[in-house]
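Next come the chains, spelled out residue by residue.
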Amino acid sequence: MGRGSILGEFEQLVLLAVARLGGDGYGVTIRKEIASRARRDVTIGAVYATLSRLEEKGYASSWEGEAEPRRGGRARRHYRVEPEGVRALHAARGMVDRMWDGVDFGSGPA
Amino acid sequence: MSAPRPPLIATRIFAWTADPERRDAQLGDLLEEFAERAERDPAAARRWVRRQALASVAPNIALRLGRTYRAYTTEREDGTMRTLLGDLRLALRGFRRDGAFHGVIVLTLGLGIGAIATIFSVVHGLVLDPFPFPEPDRIVGVGTAYPRLGSELGFFENLSPAEYLDIRDNASTLEDVVAWDMGNRQLDTEGPPQNVFSAFWWGDVLTTLQMDAHLGRGFSPDEIRSGANVVMLAHDVWVARFGADSTMIGEAVSVNGNPYTLVGIFPEGVDIYGTDLWMTMPVGPEQYARNRRQFQVMGRVASASSVASVNTELEGIAARVEQAWSAEYEEYEGWSMQAMTWSDVSSQVFRTGVFVLLGAVTFVLLLVCANTANLLLARAQGRRREMAVRTALGAGRGRLVRQLLTESVALGALGGALGVGLAYLGVEGIGRFVSTIGINVAGTVQVNGSVLLFTAAVAVGAGVLFGLAPALQASAADIAGTLQSEGRGATATGSRQKLQRTLVGVEVMLAFVLLAGGGLLLNSFIRVNRVEAGFEPERVLTMRLTLPREKYQGAAGPAFFRELTDRVERIPGVVNAAAGSQFPPVGFSFRQIFFDGAEADAEATLPTTLTTVVTRGYFEALGIPLLRGRTFDERDEAGTPLAAVINDEAARRYFGTADPVGRRLKLGDADADTPWWEIAGVVGSTKNLGLDRDPFPEIFALHDQVGGDQNQLFLVVRTDGDPQAFVPAVRDAVLEMDADQPVYAIRTVEESYRQGIAPMRATTLFLGIFAGFALVLAAVGIFSVVSFTVSERTQEIGLRVALGADQSRVRRLVVRQALLPVVIGAGVGLAAAIGVSGGLERLLFDVTGTDPLTLGSVAVLLVAVATLASWVPAFRASRMDPVEALRAE
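Residues numbered from 1 in each chain as written. Chains lettered and ligands numbered in written order. Predicted model: local features only at pLDDT ≥ 70, side-chain atom pairs only at ≥ 80, totals over all residues.

(A) The arrangement of the overall build of chain B in detail. Looking only at helices and strands, one finds 27 helices and 22 strands in chain B. Within the span of chain B, comprising 889 residues, buried residues form 45% of the whole. Once local pairs closer than 6 in sequence are excluded, the contacts in chain B between residues at least 24 apart make up 82%. (Helix = DSSP H or I, 4+ residues; strand = E, 2+ residues; numbered from the N terminus. Buried ≥ 20, exposed ≤ 12 C-beta atoms within 10 Å, placed from the backbone. Contact = placed C-beta atoms within 7 Å.)

What follows is the structure, given as C-alpha cells:
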C-alpha cells in the first residue's frame, strides 16, 4: 500500500473500472463503465485527476494509443492497473469487509 | 449538413484548465463523446459539453494546485514560487499600512462578489443542476397546447389520461412513460392528522428516472395495473415524521384512515412538484373522459433518440389524434404536444428572474472592478516614487507588474473570502424569503463546491481585471522625472487621467443600466400594487379543507360546510363566513361552458371560464359587489332549479350589452348532455388569475346544488380584526364537528395576494439593492477622480485665481470637465439599457422596457449625483488661497 494511505471511494471506482476494462480502457470507456455499473455520472476532469493521482502513486500506468479524426486528431490514453494498484484495491476491500463482519441489520435496531 | 460543433467557449475553458500532461487525452475524450452524443441530439450534446467543462474545472485545478504545492514544499529552491510568496508578503504589509483604503476596496469587492456568488448559487441550484437524475438530459416532460381553448403550452395538470395513452402507446422514441395526478391525502402519524401532497401514478417513475429507491423499491407493474394499496414516502417526510425508521418498509401506514403498504422511500433530493407521498392510481387511464386534463406526463428519451426526434414523433401523434377526435372534441383543432427536459419544465417559473439578476450582479461586479481600478490608479500616484526607486535599483517592468498584480489578486482573494461569507448569509436569506411563499429550496440552493469554485475564479479574475491597468500604468514610470519632481511626475499623468475618466464613463454606463432595470421593475411593482382587485382582500382568513370521500358522500359534504360556516359565523368578531373552491387572485379550475344565446362567435376560442363552487355568503365574505340580479339565497338548494352567478367579464364577453340574467348555460359544448343552469345574477369581476392579469370570465355555482363531488373547499372568513388571531377559534369549530378533519393552507387573502407578486417583489428588491449600490459606487468613483484631478491641478487653479478668475468660473470649469465622461457614459448606458431591456420585458407589468419616463429619470438622477460628487471638490478648489496653491510645488 503506497504511503500507507487507503484508496478513496472514487479512486476505487476509477481503478476498478480500469481493471474491468482489462488494460485497454481509456477515458470514454472508463466513464461509461462507471456510469453503467455504479450509476454515477462522473466528469472527464474528475476521472483524469484521479487517474493522474493513481499514476503518481504507482497504482496504474498509461500509454498513448492511436490518434483519431473524431477526437480532433488526438490520441487516446489507455490505462492499466499495476500490481501495486491490485494490492491497494484488495486492501481497501479487506478493510470494508472486516468492518462489515458481524454487522447485522436484519432484525432492526438492537 | 456539416457535423455539429462543440460549444467553443466551453471547450476552450475545458482545454485551458485541463492538466497539461493529459490535455490531449481529455480533449480527445470530450470531442469523441460529443460526436457520439451529437448524433442523437446535438443540442443535448452541446449542453453536455458545457456541463463537463464547468464541472471539470474543479478537479483539474485541484490536481494542479496539489502538484504546485508539493513542488514548492519539496523544492524550495524554485525561484518563481519564492518571488510569488515574497510579493504576497509585500502586498499584505502594504495593506496593513493603508488599512482604511484597502478596507474599502475589500468591502466593495466582498459585496460585489458576495452578490454574484449568491445569485450563482440560485442559478446553479435551480437551473443548471437541479436534479440528481443519472441522465437528466433524457428525462422529459410532455406538455400540450390547445389554441382553441386559448391555452398556451402547459405541462402542469394539462394532459388527459387518453392523451397519456396516445403518447405511451405510440411514441417509440420515449421509454417508460408515466403519468400522475396531484392531490392531498391525510397521513396519520402520532399527533394531529397531517395533510401531505400526494401523487397518484400510472407507471413507476423510478424506472423512468433510472434510479433506485433510497430504501425498499418502487411500484411493480402489477401494483400499478391493479391500483394496489402501496405507497412510497418522500425522504424528508420519512425523516421528519417517522424518524428515518428503516424497519417501516413492508409495514402498513395509514392514509385517510386506510392501511397502505409502504414499499419504499423515494431517493433523497429528488423533488417532483413537492410530492410527499407516492401512491398508485386506483383505476386505469381507460376509465376517464378524453378531456379530463389534470395529469402530468414524464418519459425517458430512448437511447438512440433525441428530444428533437421525440418532438417530431409527438407532432405526428398529435396530428393523428386531431384527425380522429376533433369532430367530438373541438379543442383538438390545431393542438400540439411538446417534450422538454424536466429541468427546463420545472425551472420555467424562475428562469427569467434569476437570469436577469445574474446579469445584474455581473454588472455590479464589473462596476466594482472599474471603481477599484480607479481607486488604485489614484493610489498609484502616491507610489510613483516607490516604483521609480525600485526601477532605478534594477527591477524590470515585468517584475513590477507582477508585484502589483499579486497585490490586486490578493485584494480580490480577500474580497472573495468576504464574498463567500456574504453568500452564505445571502443564500440563507433567500431560502427564508422564498419559504414564506411556500417554496422550499433548502438542499437545492446552497453554497456548494461549484459555487465556491466559481467564486474563487471570479475573485481572481476580478483581481486581474481591476489590477492590470493600474499595474501597467504604475510600472511605466519615468524614473528621472519622477525622482526629480518629488513624486509628481507629469509624463504619465495625462494618460492616467484619460484612463480614469474612461473608467468613470464605464462606471456611469453600468450604473445606468442597473438603475434603468431597477427603475423599470419598481415602476411595474408600484403599478401592480395599485391594481384594483375588484374585491376587499383585507381581514379575510382562508384555509383549505378536504373532506375524505369515504366519509362524506352525497349531500353530507354540502351539509358539513353549511353547518361549519354557521358555527364559524357565531365566533365573536367574525363578520361572515363562507366556502368556495377557489378565490381571487389564485383561480385554477377551468371548465368549458356553453352559453345559450351567447353572441355568435363572441371569440374564436371555445368559451372556457373559471368555474367556482361556493356556499351562500361567498360574495359578501370576499366583498365582491353584486351588479345585476341576485346572488344565491334560500330559493337555491338541492333539488330546486340550478342557478348560476357569472362575473361581469363573462357577461360582457358572451352577452355584450344584453342582460344575461335569466339566460342559460351548461358545462361542455352545445351538444353536451349536461343540465342547464339559469343565470341568476352578475357580480363584479375580480383579478381572479393574478394581479398582473386581466379579469377572466368566471361562473359560480352553489355547493348544495353541485353536490358532494366537490369535496375540497376553502373556508373564507371575513373578520373585524387581525385574521390570524381567529385561526384557533376557526380550527376548533372544525374539530368540534370532526376531530379527524385537518385544515391546511391557512393564510390570509392578503398573503395570497402578496404571494402572487412575490417573485416580482423579490426581483425588484434585489435589483433595487444592486442599483442603489451601483449609484453609490459610481458617485464614489466620480468623487475620487475629480478630487485627484483637482489636487493635481492645485497649482494651475491657484494661478487662475491669482490672475483674476472668479470662484464660480473655477467651479464650473472643474465640474464641466468632470461631467464630460459622465454624460458620455450615460449616453452609452442609455443605449445599452434599451439593448438589454428585451430580457426584462417578461418581468414587467404595464411598462415597456424603453419607458421614457423611467430612463429619463435615471439619466437625471445620475447626472445630478455626478454633479454633486464633483461639486464638492470643485468648491474646495475654488476656495483655495492662491498663495498656498502656488507654493504647493
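(B) View of the nonpolar core. Judged by nonpolar contacts, the single largest core of 110 residues is most densely connected at B:Val364, B:Ala511, B:Phe512, B:Leu514, B:Ala774 and B:Ile782. Counting residues per element, this core draws most heavily on helix α11 (residues 342-382) of chain B, at 18 residues. Contacts of B:Phe512, omitting those with residues within four sequence positions, involve B:Ala826, B:Gly829, B:Leu830, B:Ala833, B:Val858 and B:Leu862. Of all hydrophobic cores here, the second largest spans 94 residues; its members include A:Tyr48, A:Leu54, B:Leu63 and B:Ile265. (Core = buried A, V, L, I, M, F, W, Y, C linked by C-beta atoms within 7 Å.)

(C) Up close: helix α4 (residues 83-100) of chain A. With 18 residues, α4(A) ought to run about 26 Å at 1.5 Å a step, and its terminal C-alpha atoms sit 26 Å apart, in line with that. One or two steps after α4(A), the chain reaches A:Gly102, where phi turns positive at roughly 85 degrees. (Expected span 1.5 Å × (residues − 1).)

(D) Structural view of the sheet that holds strand β3 (residues 74-81) of chain A. All names here are of chain A. Ordered by their spatial adjacency, three strands build an open sheet running β1-β3-β2, and the pairing between neighbours is antiparallel. Where the open sheet ends on each side, the last strands, each with one partner, are β1 (25-26) and β2 (60-68). Note: β1 against β3, two bridges, orientation antiparallel. Paired with Tyr26 across the strands is His78, a residue of β3. Strands in contact with helix α1 (residues 9-20) are β1, β2 and β3; relative to β3, the strand with the most contacts, it is inclined by about 95 degrees. (Pairing = 2+ DSSP bridges. Axes fitted to C-alpha atoms, helices over the stretch in contact; angles between N-to-C directions.)

(E) Up close: the interface of chain B and chain A. Facing 23 residues of chain B, the contacting portion of chain A comprises 19 residues. Of all elements in the fold, only α2 (23-40) and α3 (42-74) of chain B reach the threshold of two or more residues within the side of chain B that touches chain A. A per-element tally of the side of chain B that touches chain A places α2(B) first, with eleven residues. Of the residues belonging to the side of chain B that touches chain A, the class tally is eleven nonpolar, six polar and six charged. (Nonpolar A, V, L, I, M, F, W, Y, C, P; charged D, E, K, R; others polar.)

(F) Seen up close, the packing of helix α2 (residues 27-38) of chain A against helix α3 (residues 44-56) of chain A. Residues and elements named next belong to chain A. Here α2 crosses α3 at 105 degrees, and the two axes come no closer than 10 Å. Relative to α3, the element α2 lies roughly perpendicular. Contacts between α2 and α3 pair Gly27, Ile30 and Arg31 from the former with Ile44, Val47 and Tyr48 from the latter. Residue composition of the contact of α2 with α3, grouped by class: four nonpolar, one polar and one charged. (Parallel < 35°, antiparallel > 145°, perpendicular 65-115°, else oblique.)

Purely geometric numbers; function is a separate question.
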